[in-house]
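Listed below are the residues making up each chain.
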Amino acid sequence: MGNAAGDLKVPNNEHVLLETGRPYAKIHSTSWGSRTATVYDSRARRFDQFMFENDDMLIVVAAGNDGHDDAPKTIDSPGLGKNVLTVGSHLSFKTSLFGGHHGGQLSDLSSRGPTVDGRTKPDIISVGEYLLSAGARPDIVGECDPSDGSIPRVTTTNDGLASKRGTSMATPVVSGTAAIVRQYFEEGYYPTGVRNESNSHDPTGALIKAVLLNGAQNLYFVDNSKHTEIKPHDNNQGFGRMSLQDSVYIPGSTNVQLSVWDKEFIRNGETREFDVVIDETGGCKAGQLSATLVWLEPASVSGCKRCVLNDLDLTVVIGNTTYFPNALDSPDRINNAERIIVHGVTDGTNVTISVKAYNLVNESQKFSLVTTGCFGGVANQLFYGKCSVFECPPDDSDSLPIILMGVFIPLGVILICVGVGGCFLWRRQRQKRRREGSDEASPPPQSPRESDGK
């Protein structure tokens, strides 16, 4: 993986990387890429084909850090791939560890789409500026928290901690969250939100990708001098910022319930229909329905001008109204991930979700479909009456605190934390120091379980 100069050197045959840990490894986190290609290239092709042939795998890829000044078509390869999940970066909520930034903003450095053939990229955004990460020092054994107790300044390292930024930091956050989603299905949390191993399901990479995209939330601006406004499904943010709280159902702890269909097949020209009913009787207050279709298809030829081979169409019908995906008013012909959001749905509304095989190069295509909304579950009770950290004014004292989150990286699971004034552990340490000398200590504040960086 490296040379004598300490540079990263990727094997010519990426299967050496992708096969590592198989068949047990199901998620591959790729915080590297190449700007040598601006079109769908052989590397993107190999990554797509690997996911198609190993549909239990999800490959999560950094978009790149070349988006300064809203530069388009700056996605790195293999992030140009169709099947991979390509990740951009947003800022820590409210302010960064050392002030000066407000959350809900796309990082200026985050690479932008579209791809040369017009596909929307990146797919999803997660926190990547700034994060505390492991600051490994190979020449020292046992280094961990800074010996002087101080958090490293931006882009610096202090003992076992480093402060970093970029899509390479956002990517393992998404990978770790994808691992949580996989665990959610494997341990039988779906559909009740309560662990029941008799409901265990081995999800495809397409299903995990669909769950994350389906729950993604909008960002509104870019952190640059122009304060560029961005919109849903554009080539700045794709589906938006990752939000686990809007992606899966845990009774009383998340905003939505979900229904999923995995490993479904459709033949050329066929239409499949899936019906759901909005049910708010349990107290759910989501107020919208979101449906996302994802399929993993064969790799295209390098340099393709129209890279999607098997064109599926997602529509939602409510009453006499038909809704189309990805903020369009007609079918999407160029992407293999499609989402529809319908706002203002009410209790008792009947919804028909349709998947049509419009034009396939193969006889059939496998797909995964996810929908979220109010389907009889209870409301989120954790933060009732409080606004989201991405929606509150910067000085709103009622905004939700951020949590310390476990993040999956190729070498294992590390703890990365995000938020104003530092991470959860740092706050605990500060509180502990403040309580020294006191005979009685109050319990620390509870942090919400919100896994979008968030």
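Residues numbered from 1 in each chain as written. Predicted model: local features only at pLDDT ≥ 70, side-chain atom pairs only at ≥ 80, totals over all residues. Heavy atoms only, no water.

### So, the nonpolar core
Part 1 of the reasoning: Grouped together as the largest cluster of nonpolar side chains are 47 residues, with contacts concentrated most on Ile59, Ile124, Val174, Phe185, Leu212 and Leu258.
Part 2 of the reasoning: Looking at this core, the elements that each hand over two or more residues are helix H1 (15–18), helix H2 (42–53), strand E2 (58–62), strand E3 (85–91), strand E5 (124–134), helix H3 (167–186), helix H4 (205–215) and strand E9 (257–267).
Part 3 of the reasoning: Broken down by element, the residue count for this core peaks at 8 residues, all from H3.
Part 4 of the reasoning: In this structure, Cys284, Val308, Val342 and Cys374 belong to the second largest nonpolar core, which totals 27 residues. (Core = buried A, V, L, I, M, F, W, Y, C linked by side-chain atoms within 4.5 Å. Buried < 20%, exposed > 50% of the residue type's maximum accessible area, 1.4 Å probe, protein only. Helix = DSSP H or I, 4+ residues; strand = E, 2+ residues; numbered from the N terminus.)

### What about the packing of H3 against H4?
Part 1 of the reasoning: Here H3 crosses H4 at 115°, and the two axes come no closer than 10 Å. As the angle between them shows, H3 and H4 are arranged roughly perpendicular. At the point where H3 passes H4, the crossing takes the right-handed sense. On the side of H3, the interface is formed by Val174, Thr177, Ala178, Val181, Arg182 and Phe185, while H4 contributes Leu207, Ile208, Val211 and Leu212.
Part 2 of the reasoning: In the contact of H3 with H4, the residues fall into 8 nonpolar, 1 polar and 1 charged. (Axes fitted to C-alpha atoms, helices over the stretch in contact; angles between N-to-C directions. Parallel < 35°, antiparallel > 145°, perpendicular 65-115°, else oblique. Left-handed = near helix turned anticlockwise from the far one by under 90°. Contact = heavy atoms within 4.5 Å. Nonpolar A, V, L, I, M, F, W, Y, C, P; charged D, E, K, R; others polar.)

### A look at the packing of aromatic side chains
Part 1 of the reasoning: The final tally for this structure, using the stated rule, is 6 aromatic pairs.
Part 2 of the reasoning: Between Trp32 and Phe47, the aromatic rings sit 6.1 Å apart at their centres with planes inclined by 75°, giving edge-to-face as the arrangement. Taken as a pair, Trp32 in the loop between strand E1 (27–30) and H2 and Phe47 in helix H2 lie far apart in primary sequence, 15 residues in all. The pair Trp32 / Phe47 is uniform in exposure class, with both members buried. (Phe/Tyr/Trp six-rings, centres within 6.5 Å; stacked < 30°, edge-to-face > 60°.)

### Some points on unusual backbone geometry
Part 1 of the reasoning: Geometrically, the link from Arg22 to Pro23 is a cis peptide bond, its omega value of 10° lying close to zero.
Part 2 of the reasoning: Residue position: Pro23 is located in the loop between H1 and E1.
Part 3 of the reasoning: We note that Lys73 has phi near 55°; this positive angle belongs to a residue other than glycine.
Part 4 of the reasoning: With respect to the helices and strands, Lys73 occurs in the loop between E2 and E3.

### Details of the pairing of E2
Part 1 of the reasoning: Most of E2 is tucked away: 5 of the 5 residues are buried.
Part 2 of the reasoning: The sheet contact formed by E1 and E2 spans 4 bridges and is parallel. Within E2, the residue paired with His28 across the bridge is Ile59.
Part 3 of the reasoning: By the bridge criterion, 3 bridges tie E2 to E3 in an arrangement that is parallel. Bridge assignment links Val60 to a residue of E3, and that residue is Leu85. (Pairing = 2+ DSSP bridges.)

### Here we look at the sheet that holds strand E14 (residues 337–343)
Part 1 of the reasoning: With respect to topology, 4 strands assemble into an open sheet ordered E9-E16-E11-E14, the strand pairing being antiparallel. The sheet is open, and its two edges are formed by E9 and E14, each paired on a single side. Between one strand axis and the next, the sheet turns by 15° as a mean value, whatever way the strands run.
Part 2 of the reasoning: Examined bridge by bridge, E9 and strand E16 (residues 364–373) share 9 bridges and lie antiparallel to one another. Its bridge partner being in E16, Trp261 is matched across the sheet by Leu369.
Part 3 of the reasoning: Packing against the sheet, H4 makes contact with E9, strand E11 (288–294), E14 and E16, and its axis sits at approximately 150° to E11.

### Digging into the environment of Thr371
Part 1 of the reasoning: On the secondary structure map, Thr371 appears in strand E16.
Part 2 of the reasoning: Using a relative accessible area of 0% as the deciding quantity, one classes Thr371 as buried.
Part 3 of the reasoning: Residues Thr371 and Ile340, spaced 31 residues apart in sequence, show a C-alpha to C-alpha distance of 9.3 Å.
Part 4 of the reasoning: When neighbours within four sequence positions are excluded, Thr371 is seen to be in contact with Asn214, Gln257, Leu258, Ser259, Trp261, Val276, Leu289, Ser290, Ala291 and Ile353.

### Here we look at the side chain of Glu297
Part 1 of the reasoning: Relative to the helices and strands, Glu297 is located in the loop between E11 and strand E12 (311–318).
Part 2 of the reasoning: The exposure class of Glu297 is buried, given its relative accessible area of 0%.
Part 3 of the reasoning: A polar contact is formed between the side chain of Glu297 and the backbone nitrogen of Leu309, at a distance of 2.7 Å.
Part 4 of the reasoning: A polar side-chain atom of Glu297 sits 2.9 Å from the main-chain amide nitrogen of Asn310.
Part 5 of the reasoning: If we ignore the near neighbours within four places in the chain, the residues touching Glu297 are Asp48, Phe52, Lys82, Asn83, Cys307, Val308, Leu309, Asn310, Asn336 and Gln365. (Polar contact = N/O pair within 3.5 Å; in protein donor to acceptor, adjacent residues only side chain to side chain.)

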